[in-house]
Amino acid sequence: MATATRTGRMGETAVLLKLMEMGFDAFNLNNEIPNFKGADIMCFNPKTKKSAMIQVKATFEKNPNFYTGFYSDRTGKILDKNLEECIICPWVFVQILGDNCDKTYNYYILTREEVINLIDDSNSWYWKDGGPHNNAKKDKQQVGLPLGWITGQNKMKNDRKQYPRNIKIAKPKNAWNKITELLE
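Residues numbered from 1 in each chain as written. Predicted model: local features only at pLDDT ≥ 70, side-chain atom pairs only at ≥ 80, totals over all residues. Heavy atoms only, no water.

Asker: What is the right way to look at the overall build of the protein in this model?
Answerer: Each helix and strand in the protein was counted, giving six helices and eight strands. For the protein, the N- to C-terminal ordering of α and β elements is α-β-α-β-β-β-β-α-β-β-α-β-α-α. Against the 2.2 N^0.38 benchmark of 16 Å for 184 residues, the protein shows a C-alpha radius of gyration of 17 Å, consistent with a compact globule. Each principal axis of the C-alpha distribution contributes one length, and for the protein these read about 50 × 40 × 30 Å. Relative to all contacts within the protein whose residues are 6 or more apart in sequence, the contacts with residues 24 or more apart total 61%. Surface exposure of the protein reaches about 10,400 Å², of which carbon and sulfur atoms provide 47%. One finds the centroid of the 27 positive side-chain charges in the protein at a distance of 3 Å from the centroid of its 21 negative side-chain charges. (Helix = DSSP H or I, 4+ residues; strand = E, 2+ residues; numbered from the N terminus. Rg over C-alpha atoms; globule rule 2.2 N^0.38 Å. Contact = heavy atoms within 4.5 Å. Areas by Shrake-Rupley, 256 points an atom, 1.4 Å probe, with all protein chains shown as cover. Lys, Arg positive; Asp, Glu negative; His and termini not counted. Charge placed at Lys NZ, Arg CZ, Asp CG, Glu CD.)

See below:
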């Protein structure tokens, strides 16, 4: 199993390669400024001269829960950060599957607005209506997004109530258009 740093780098590199395959110029912001806030990749369209930043979350888990970097109290309130200010670009969730040198990458892409709405809606539901929050012993809990919540398929590993996702999210798998439209 790869370390968190290696996993993140692999996800970021996979997204960079995909963008370059589509004809865009891209570089990893973390190479210039370590742990760049709010984004991992800068992408440019050489034809239109437009650019877009992208946040990448990556995992090797088969049933992943992507941690967002946000924390919540037991009432569902996001602590210490404002989602609207901190989420500045689309997010690409990368699920890395396979062993050794035989890897495949699944990409799930959400617009900035979809990420904000999903974190807000799912975290509120988790603390008010669902989830195993009764076991929470601290007021500061990491906010995660299980893959089933991102895709709307709700495949969760535990027997928790299924998150209803009362918000609209366009099909996220391989939805590169959510990024390329910003570059047109």
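Asker: Please clarify how the packing of aromatic side chains should be interpreted in this entry.
Answerer: A ring pair, where both rings are aromatic, is described by two values, the distance of the centres and the angle of the planes. Tallying each qualifying case throughout the model produces eight aromatic pairs. Here the aromatic rings of W125 and Y163 are separated by 5.4 Å at their centres, their planes lie at 50°, and the arrangement is tilted. You can see W125 sitting in helix α4 (residues 112-128) and its partner Y163 sitting in the loop between α5 (147-151) and α6 (177-180), a full 38 residues away along the chain. On the basis of relative accessible area, W125 is assigned to the buried category, the value being 9%. Ring plane angle 80° and centroid distance 5.0 Å describe the contact between Y126 and W127, whose orientation is recorded as edge-to-face. Judged by its relative accessible area of 7%, W127 falls in the buried class. If you follow K57 out to its NZ or CZ, it ends over the ring of W91, 5.2 Å from the centre. The cationic tip of K140 hangs over the ring face of Y71; the distance from NZ or CZ to the ring centre is 5.0 Å. (Phe/Tyr/Trp six-rings, centres within 6.5 Å; stacked < 30°, edge-to-face > 60°. Buried < 20%, exposed > 50% of the residue type's maximum accessible area, 1.4 Å probe, protein only. Lys NZ or Arg CZ within 6 Å of the ring centre and 35° of its normal.)

Asker: Which parts of the structure should I look at to understand the pattern of salt bridges?
Answerer: Pairs can form between side chains of opposite charge whenever their charged atoms are close. Following the criterion strictly, the structure yields four salt bridges and no others. E113 serves as the salt-bridge partner of R112, at 3.9 Å between the closest nitrogen and oxygen. We classify R112 as partly exposed; its relative accessible area is 22%. A network of salt bridges, in which partner residues are shared, links E84, R112 and E113. (Salt bridge = Lys/Arg side-chain N within 4 Å of Asp/Glu carboxyl O.)

Asker: Any chance you could explain the sheet that holds strand β8 (residues 141-146) here in plain terms?
Answerer: Strand order in the open sheet formed by three strands is β5-β4-β8, and the pairing between neighbours is antiparallel. At either margin of the open sheet sits one strand with a lone partner, and together these are β5 (78-79) and β8. By the bridge criterion, five bridges tie strand β4 (residues 65-72) to β8 in an arrangement that is antiparallel. Bridge assignment links F66 to a residue of β8, and that residue is L145. With respect to the sheet, α4 is in contact with β4, β5 and β8, its orientation differing from that of β8 by roughly 115°. (Pairing = 2+ DSSP bridges. Axes fitted to C-alpha atoms, helices over the stretch in contact; angles between N-to-C directions.)

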